[in-house]
Amino acid sequence: MIVSRKFLSHKIWQKLSLVKILGKEAKLLSTSAQTKPEPLNENDDLQKQTDKESSPYANYRFIYPEFLPDPNPIYRNSLREKLERMDMLARRAVLNIPEFYVGSILAVTHSDQHAPGKINKFVGICILREGSGLRTSFILRNVINGESIEINYNLYDPTIQKIDCLRLEKRLDNELLYLRDAPLEYSTFPSDMEADLKPAGFVLLNEMKVPLNSPPWLEKWERKNLKGIKDLVVSRKRQRKAAAVAKPWEKYDLMKTYRETIPEEEQVEIFADVYTELRHLEVQKNLLTRKNILDRQKKDKDKPLV
């Protein structure tokens, strides 16, 4: 009898806990998650918009995009995502991963058993950043001795020892894969390039437009609506084919945008969970940046005048 009472009380406690959880978290496609109360007046609406923009992690989806999970529900698992975020924070506590975007110039130092000293350093422009969680990767491109070289790094690879952002800037496109068909001068950077020390939070938008070599190209760039290509000239046949497969209505497809992004409420919940650790790492990063600026200024003063 005592065992049955304990069993029943345990079952009741489980049901109560489940009811509390369901009461706090609305279903993703339920009407309670989609309907929002209308603002009382314009001042309330303006106040909500101001609070949203002044949120401490309003820009985190751009600075830390890998913390957002894959929007495809097939690859979603809340427990795995939480464990991955813990692993990413633990890795960031050891490795200083700077803020960077597609178009930024990076220098990556990683372990290489075939390199002299078992360490290799590669400098290049980031032409692609993709993936989420621990599967986040980025591609660096550079031209060395007249040969174009690309290396695909996993952002949280344990063999990476150091990542330096030599030039923090953005480009007009989210990927720069068309540099493979551009003149080599647009992908050439010195291996001893020094970092441009700028104030924290200052990101330059580079509006450079790159001309392409004459066809054939690796991809049909005229079909991708790219803004960073200069004077893209193709034959009439290719123009007709590009117009035939074009989908200009997709920018008005709200469901397509919904399926390819994480809802804003879920973004706030994710970044609120890791805000304290990320803020602590940002403070340490700012202190390190100031120290590097002072060291650079001291080194410039000690240089002999020629």
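Looking at an unreviewed UniProt entry, the protein carries the name Large ribosomal subunit protein bL19m, with the source organism given as Habropoda laboriosa. Quoted straight from UniProt, the Sequence similarities (unreviewed entry) entry for the protein says "Belongs to the bacterial ribosomal protein bL19 family."

Caption draft 1: Looking closely at the overall build of the protein. Of the regular secondary structure elements, the protein holds eight helices and nine strands. Within the protein, the fraction of its 306 residues that count as buried is 30%. A fraction of 66% describes how many contacts in the protein between residues 6 or more apart in sequence connect residues 24 or more apart. On the protein, roughly 21600 Å² of surface is accessible, and the fraction owed to carbon and sulfur atoms is 56%.

Caption draft 2: Fine view of helix H5 (residues 78-94). Compared with an ideal rise of 1.5 Å per residue, which puts 17 residues at 24 Å, H5 spans 25 Å between its outermost C-alpha atoms and is within 8% of the ideal. With a side-chain oxygen positioned 3.2 Å from the backbone nitrogen of leucine 79, the residue opening H5 is asparagine 77.

Caption draft 3: Inspection of the packing of aromatic side chains at higher detail. Within the structure shown, the criterion is met by seven aromatic pairs. Ring geometry for tyrosine 64 and phenylalanine 67: centres 6.0 Å apart, planes at 85 degrees, overall edge-to-face. You can call tyrosine 64 buried: its relative accessible area is 3%. The exposure class of phenylalanine 67 is buried, given its relative accessible area of 2%. Each residue in the set Tyr60, Tyr64, Phe67, Phe271 and Tyr275 is aromatic and connected to the rest through ring pairs, giving one cluster. Over the ring of phenylalanine 62 we find lysine 170; its NZ or CZ atom is 5.8 Å from the centre of that ring. The cationic tip of lysine 170 hangs over the ring face of tyrosine 101; the distance from NZ or CZ to the ring centre is 4.5 Å.

Caption draft 4: Region of interest: the pairing of strand E1 (residues 105-111). In terms of burial, E1 is a largely internal element, six of the seven residues being buried. Alignment of E1 against strand E2 (residues 119-130), held across seven bridges, turns out to be antiparallel. In the sheet register, valine 108 faces E2, and the bridge partner there is phenylalanine 122.

Caption draft 5: Region of interest: the pattern of salt bridges. In total, this model carries 18 salt bridges according to the counting rule given. Between glutamate 169 and arginine 171 there is a salt bridge, with the nearest N and O atoms lying 3.9 Å from each other. Among the residues examined, glutamate 169 registers a relative accessible area of 3% and is labelled buried. Note on arginine 171: relative accessible area 11%, which makes it buried. One salt-bridge network, held together by shared partners, links Glu66, Arg92 and Arg129.

Caption draft 6: Just the side chain of serine 187, in detail. Looking at the element boundaries, serine 187 is found in the loop between strand E6 (169-170) and strand E7 (204-205). Assessed through its relative accessible area of 0%, serine 187 is described here as buried. Not counting the four nearest positions on each side in its chain, serine 187 is found in contact with Arg141, Asn142, Val143 and Leu179.

Caption draft 7: Quick peek at the sheet that holds E2. Read across the sheet, five strands follow the order E4-E3-E2-E1-E5 without closing on themselves; strand pairing throughout is antiparallel. Unpaired on one side and paired on the other, strand E4 (147-154) and strand E5 (160-167) mark the two borders of the sheet. Between one strand axis and the next, the sheet turns by 35 degrees as a mean value, whatever way the strands run.

Caption draft 8: How the structure looks around the nonpolar core. Phe67, Phe138, Leu140 and Phe271 are the most contacted members of the largest nonpolar core, which has 30 residues in total. Every element with two or more residues in this core is listed here: helix H4 (60-63), H5, E1, E2, strand E3 (137-144), E5 and helix H8 (264-302). Among the elements that line this core, the one with the most residues is H8, at four residues. In contact with phenylalanine 271, not counting residues within four places along its chain, are Tyr57, Tyr60, Arg61, Tyr64, Phe67 and Leu68.

Caption draft 9: Structural context of a positive patch on the surface. Together, Lys220, Arg223, Arg236, Lys237, Arg240 and Lys241 make up a positively charged patch on the protein surface. Mapping lysine 237 onto the fold places it in helix H6 (residues 236-245).

Caption draft 10: Here's a closer look at the environment of valine 233. Counting through the fold element by element, valine 233 comes out in the loop between strand E9 (229-230) and H6. Considering only alpha carbons, one finds valine 233 and leucine 212, 21 residues apart in sequence, at a separation of 9.3 Å.

Caption draft 11: Fine view of a nonpolar patch on the surface. A surface patch of nonpolar side chains, amounting to about 320 Å² of accessible area, comprises Leu79, Leu83 and Met86. Counting through the fold element by element, leucine 79 comes out in helix H5.

Caption draft 12: Geometry of the confidence of the model for the protein. Per-residue pLDDT for the protein has a mean of 82; in total, 78% of the residues score no lower than 70. A low-confidence stretch, residues 1-9 (pLDDT under 50), is modelled with zero contacts involving residues beyond four sequence positions or located in other chains. Segment residues 18-40 is flagged for pLDDT under 50; beyond a separation of four residues in sequence, or across chains, it makes 13 contacts in the model.

Conventions adopted
Residues numbered from 1 in each chain as written. Predicted model: local features only at pLDDT ≥ 70, side-chain atom pairs only at ≥ 80, totals over all residues. Heavy atoms only, no water. UniProt positions renumbered as here; feature names shortened; annotations may be inferred. Helix = DSSP H or I, 4+ residues; strand = E, 2+ residues; numbered from the N terminus. Buried < 20%, exposed > 50% of the residue type's maximum accessible area, 1.4 Å probe, protein only. Contact = heavy atoms within 4.5 Å. Areas by Shrake-Rupley, 256 points an atom, 1.4 Å probe, with all protein chains shown as cover. Expected span 1.5 Å × (residues − 1). Polar contact = N/O pair within 3.5 Å; in protein donor to acceptor, adjacent residues only side chain to side chain. Phe/Tyr/Trp six-rings, centres within 6.5 Å; stacked < 30°, edge-to-face > 60°. Lys NZ or Arg CZ within 6 Å of the ring centre and 35° of its normal. Pairing = 2+ DSSP bridges. Salt bridge = Lys/Arg side-chain N within 4 Å of Asp/Glu carboxyl O. Axes fitted to C-alpha atoms, helices over the stretch in contact; angles between N-to-C directions. Core = buried A, V, L, I, M, F, W, Y, C linked by side-chain atoms within 4.5 Å. Patch = residues over 30% accessible without salt bridge, like charges linked within 9 Å, V, L, I, M, F, W, Y side chains within 5 Å. Lys, Arg positive; Asp, Glu negative; His and termini not counted. Charge placed at Lys NZ, Arg CZ, Asp CG, Glu CD. pLDDT = per-residue confidence, 0-100.

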